[in-house]
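As a plain string of letters, each chain reads:
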Amino acid sequence: MGKAAARERAPFRCEECGLHLAKWVGRCPECQAWGTVGETAAPAGITVSAGPVSSPATPIAQVPAQGAAHRPTGVAELDRCLGGGLVPGSVVLLAGEPGVGKSTLLTAAAAQIARQGTRCLVVTGEESAAQVRLRAGRIDALADELYLAAETDLAAVLGHVEAVEPKVLVVDSVQTISSPAIDGAPGGVAQVREVAGVLTRIAKQRGIATILVGHVTKDGAIAGPRALEHLVDVVLSVEGARHARLRLVRTVKNRFGPADEVGCFDLTDDGIDELTDPSGLFLSRANGEPVPGTAVTVAMEGRRALVSEVQALVAPSTLPAPRRACSGLDSARVAMMLAVLERRAVVKVSAADVYTATVGGVRLVEPAADLAIALAVAGAARDRPLPGDVVALGEVGLAGEVRPVGGLTGRLQEAARLGFRRALVPAGASTPVSGITAIEVTDLRAALCILNDSISTPRPSNVAPLNRVS
Ligand SMILES: Nc1ncnc2c1ncn2[C@@H]1O[C@H](COP(=O)(O)OP(=O)(O)O)[C@@H](O)[C@H]1O
Ligand SMILES: [Mg+2]
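Figured I'd write up the structure that's included with this text. Along each chain, the written sequence defines residue order, and numbers are assigned to residues from 1. Chains carry letters and ligands carry numbers; both start at the beginning, A for chains and 1 for ligands, and go up in the order they are written. With the structure being a predicted model, the display of local features is reserved for residues of pLDDT at least 70 and the display and counting of side-chain atom pairs for 80 or more, all residues being used for whole-chain, interface and lining totals. Side-chain measures here rest on the full set of heavy atoms in the structure, leaving out hydrogens and waters.

## Points about the pairing of strand β14 (residues 304-316)
Consideration 1: Criterion used throughout: strands pair if DSSP finds at least two bridges between them. Each helix is a run of H or I in the DSSP string that is no shorter than four residues. Each strand is a run of E no shorter than two, and both are numbered from the N terminus. Bridging between strand β13 (residues 294-301) and β14 involves eight bridges; their strand directions are antiparallel. Considered in β14, the bridge of Ala299 is made with Leu306.
Consideration 2: The hairpin turn running from β13 into β14, its antiparallel successor, is two residues long, and Gly302 in that turn takes a positive phi close to 60°.
Consideration 3: Summarising the sheet, β14 and strand β16 (residues 352-358) pair through seven bridges and their orientation is antiparallel. Bridge pairing in β16 links Val314 to Val354.

Structure follows, in structure tokens:
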């Protein structure tokens, strides 16, 4: 018996994750949710015969081509994530943890759309209308064509859609809307999926661009958005550290455009501002003297190159197990860099407390940041600054070798744009980029030679004997 057939015959199924089970259990063995396993309707012996079709199948070349007509929202960073704007009749899921700024972002965007004369309806199931009005006042989002309804009943939401006839509908959040006609508890997967299904049908029928807010919990989206990803056209995820202002809106899925876009926003008391040129934000020293223990790299966030700084502080430790703290970096990669520095480049850090951090709340977790982490730590350990015009790009292996990174040309262009003149890059990987000199390094020891160079004008010949141990 095949797997599919086994599933057909399984009499029980978890509502949360869809796991099929032969017997009832109180807790799903797959997703660990309690009380979600129920009986499935017996599918045995269903036969389907051919019925009427909605429209005949056509040779593909004769199907009228209709491009996705993106309508810009007026918030450029959001439009970038959407692939140009909202498409009429499409459904967007905006997911993120509570407090990350979803309601703020959508209120601002809805107001911007409404100001262009497009009618927007915001349905709030989480807050009272007065609360949303207060926020809208605070972030300057009052507009004539922006309508607001506080509602949690699906039928009532549809009633508002009929009465207001919006072109854009925002539902904040999809988990708070429910219908007594649907089985399952409000906010449960069955309800959320059905509610989203109904709203999707209405969106397609009436050409309403619909944005559904979905809450994601830290432990991985049990509450529903995952269950909706296949249903909607676009999935955006809002991310940001709790105490930092930077917010990244990432395109996880897009049926109408590229899926690796990133939009950058600044969440302030006055609302959420677009960051069209965020690169410099992640640097601590705009004009000042370079400080020992800092190194600059260029990270890729989706298709965007962001020039970002790594900082390190190395201090003699009094503890038997020295402290290792890192913020905004992958702790496993930092630990690896410390070991590689110790064993391959003779930078003694094993008896020292080592603190590492990024600037401005950015997260640097890609291996391309390895070289910058290593240089920041080595600079801090030796109390030597890196020249201010240098960026470092490269993954560092356990043997101390510097390995190639993707998107090198784009990264170098962004560094050059921000005024950096030299780049430490993996050997053999770079194509020339005007305005910046690529200094190829094969291993970490070679890269550390840059710490002995305090001259900030391009003099790559000074670092030419790259096998020299500093
Ligand atoms: N009156 C206020 N003044 C300043 N900041 C506020 C105010 N009210 C809420 N915030 C902040 O705005 C941020 C975003 O909130 P919100 O958009 O409601 O998030 P979400 O909808 O994702 O849960 C929160 O971190 C919150 O602390
Ligand atoms: Mg909210």
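## Quick look at helix α3 (residues 102-115)
Consideration 1: Counted at 1.5 Å a residue, the expected span for α3 with its 14 residues is 20 Å, and the 20 Å between its end C-alpha atoms agrees.
Consideration 2: For every residue, the accessible area obtained with a 1.4 Å probe (protein chains only) is divided by the maximum for its type, and the residue is called buried under 20%, exposed over 50%, and partly exposed between those limits. Counted residue by residue, α3 has 11 buried out of 14 residues, so it is predominantly covered.
Consideration 3: Among the residues of α3, those classed as buried are Lys102, Ser103, Thr104, Leu105, Leu106, Thr107, Ala109, Ala110, Ala111, Ile113 and Ala114.
Consideration 4: Phi for Gly117, located one or two positions after α3, is positive at around 95°. A helix is expected to span 1.5 Å multiplied by its residue count minus one.

## Considering the site of ligand 1
Consideration 1: With respect to spatial proximity, the complete set of residues near ligand 1 consists of Glu97, Pro98, Gly99, Val100, Gly101, Lys102, Ser103, Thr104, Arg135, Arg138, Leu267 and Asp269.
Consideration 2: Polar contact is the term for a pair of N or O atoms within 3.5 Å; when the atoms are in protein, one must be able to donate a hydrogen and the other to accept it, and sequence-neighboring residues count only if both atoms are side-chain atoms. Here an oxygen atom of ligand 1 and a backbone polar atom of Gly99 are 2.7 Å apart.
Consideration 3: Take Arg138: an N or O atom from its side chain is 3.2 Å from a nitrogen atom of ligand 1.
Consideration 4: Contributions of two or more residues to the shell around ligand 1 are made by α3 and α4 (129-138).
Consideration 5: In terms of residue count, α3 provides more of the shell around ligand 1 than any other element does, three residues in total.
Consideration 6: Of the residues that constitute the shell around ligand 1, the class distribution is three nonpolar, four polar and five charged. Near, as used in this document, describes a residue that has one of its heavy atoms within 4 Å of the molecule or strand being considered. Just so you know the grouping, Ala, Val, Leu, Ile, Met, Phe, Trp, Tyr, Cys and Pro go in nonpolar, Asp, Glu, Lys and Arg go in charged, and all remaining residues, Gly too, go in polar.

## Looking at the side chain of Glu342
Consideration 1: With respect to the helices, strands and loops of the structure, Glu342 is situated in helix α8 (residues 331-344).
Consideration 2: A polar contact is formed between the side chain of Glu342 and the backbone nitrogen of Ser350, at a distance of 2.9 Å.
Consideration 3: Contact criterion: two residues are considered in contact whenever any of their non-hydrogen atoms come within 4.5 Å of each other. In this structure Glu342 touches Val347, Lys348, Val349 and Ser350, once residues within four positions along its chain are discounted.

## Some remarks on empty space enclosed by the protein
Consideration 1: Only protein atoms enter the 1 Å grid, on which a cavity is a set of points fitting a 1.4 Å probe that cannot get out and a pocket is an open set with protein on both sides within 12 Å along at least 5 of 7 lines, lining residues being those with an atom within 4 Å of a point. Grid points are joined across faces, edges and corners, and a volume is the space filled by probe spheres set on the points. This structure, assessed with the given rule, holds four cavities of 30 Å³ or more.
Consideration 2: Here the largest cavity is characterised by a volume of approximately 50 Å³.
Consideration 3: In terms of lining, the largest cavity is formed by Ser103, Leu106, Thr107, Val122, Thr124, Glu127, Val132, Arg135, Val170 and Asp172.
Consideration 4: Taken together, the elements giving at least two residues each to the lining of the largest cavity come down to α3, β5 (120-124), α4 and β7 (168-172).
Consideration 5: Sorting elements by how many residues they give to the lining of the largest cavity places α3 first, with three residues.
Consideration 6: Looking at the lining of the largest cavity residue by residue, the class counts come to four nonpolar, three polar and three charged.

## Some details on the side chain of Ser178
Consideration 1: Inspection of the secondary structure puts Ser178 in the loop between β7 and α6 (189-206).
Consideration 2: Judged by relative accessible area, which is 15%, Ser178 ranks as buried.
Consideration 3: In this structure Ser178 touches Thr152, Asp153, Leu154, Pro186, Gln191 and Val195, once residues within four positions along its chain are discounted.

## Some remarks on the packing of α8 against helix α9 (residues 370-382)
Consideration 1: Axis angles are defined between N-to-C directions and span 0 to 180 degrees, where every axis is a line fitted to C-alpha atoms and, for a helix, only to the segment in contact. It is the contact of α8 with α9, at a shortest axis distance of 10 Å, that shows an interaxial angle of 60°. Comparing their axes, α9 and α8 come out oblique. As α8 packs across α9, the resulting crossing turns out to be right-handed. Counting all contacts with α8, which are made through Arg333, Val334, Met337, Leu338 and Leu341, the residues of α9 involved are Asp370, Ile373, Ala374, Val377 and Ala378.
Consideration 2: Residue composition of the contact of α8 with α9, grouped by class: eight nonpolar, no polar and two charged. In this scheme, roughly parallel covers angles under 35 degrees and roughly antiparallel covers those over 145, while 65 to 115 is roughly perpendicular and the rest are oblique. Should the near helix be turned anticlockwise from the far one by less than a right angle, the crossing is left-handed, and should it be turned clockwise, the crossing is right-handed.

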